[in-house]
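Structural overview
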Amino acid sequence: MNHSTPQTMPPVYRQVRWWILALLFLVTVINFVDRQALAVLGNDITDEFKLSNTDFGTIVSWFRAGMMLGEFPMGYLMDRVGVRIGLAFAVLWWSLGNGLHAISSSIWHFRFFRFWLGTGECGNYSGGNKLVANWFPVRERAFAIGVFNSASMVGAFVAAFLIIPIRERYGWRAGFLVPSVLGVAWVVLWW
């Protein structure tokens with residue numbers, strides 16, 4: 001006769017993987033707020049630096065080049081050092097790159113800092129996918145990936161509501177600094 005009792009799962013709020021997914025959701029929101037900062041602040045930047053549409057477009061292209069070139073090293077980093085360290089590094093890296101936009105004084109600064117931002121932000125997806133694979137059983141992975149991917153749309157949506165009041169009160173440069181501070185604060189929670 002088997003006297004063992006069936007194990008029951010603890011409530012969802014006590015399951016660590018859901019807290020980790022919540023942190024992943026939050027960092028993805030921050031990722032897209034950082035990414036959208038340039039779009040939200042674009043008029044201020046193009047007016048101050050007398051940029052043409054083509055000039056502004058090249059700044060955006062440098063971000064995409066950074067994303068493209070950063071994918072492989074970030075994926076390698078996540079595999080070698082793990083997601084805890086790898087994701088913390090990626091967030092600090094892209095937060096610094098985003099924050100440095102505040103000191104830009106030329107189109108080349110913006111291009112360089114956008115490239116930098118791109119090389120770090122791509123770590124959100126390689127780290128996020130590895131995290132989901134490590135913490136969620138196969139039957140829950142698609143849902144977990146859907147949750148963290150949905151944060152990209154949340155971040156893109158809330159960016160203007162966060163950045164515009166900051167710009168109105170403190171100027172466009174602060175519109176890059178505040179989201180960057182949020183990234184650093186996230187790393188503290190993550191650690």
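Look up: the structure comes first, before these words.
Residues numbered from 1 in each chain as written. Predicted model: local features only at pLDDT ≥ 70, side-chain atom pairs only at ≥ 80, totals over all residues. Heavy atoms only, no water.

1. Describing the packing of helix 1 (residues 16-49) against helix 2 (residues 53-81)
Close contact between helix 1 and helix 2 brings their axes to 11 Å; oriented N to C, the two are set at 160°. In terms of their interaxial angle, helix 1 and helix 2 are classed as roughly antiparallel. Of the two elements, helix 1 crosses helix 2, and the hand of that crossing is right-handed. Side by side, helix 1 and helix 2 meet where Arg35, Leu38, Gly42 and Thr46 of the first sit next to Phe56, Ile59, Val60, Phe63 and Met67 of the second. (Axes fitted to C-alpha atoms, helices over the stretch in contact; angles between N-to-C directions. Helix = DSSP H or I, 4+ residues; strand = E, 2+ residues; numbered from the N terminus. Parallel < 35°, antiparallel > 145°, perpendicular 65-115°, else oblique. Left-handed = near helix turned anticlockwise from the far one by under 90°. Contact = heavy atoms within 4.5 Å.)

2. What to know about the nonpolar core
Counting 29 residues, the largest nonpolar core has Leu21, Leu24, Leu87, Trp186 and Trp190 as its most contacted members. The greatest single-element share of this core, amounting to 8 residues, is contributed by helix 1. When neighbours within four sequence positions are excluded, leucine 21 is seen to be in contact with Phe136, Ala144, Val147 and Phe148. The next biggest cluster of nonpolar side chains, apart from the first, holds 18 residues, and it includes Leu38, Ile107, Trp172 and Phe176. (Core = buried A, V, L, I, M, F, W, Y, C linked by side-chain atoms within 4.5 Å. Buried < 20%, exposed > 50% of the residue type's maximum accessible area, 1.4 Å probe, protein only.)

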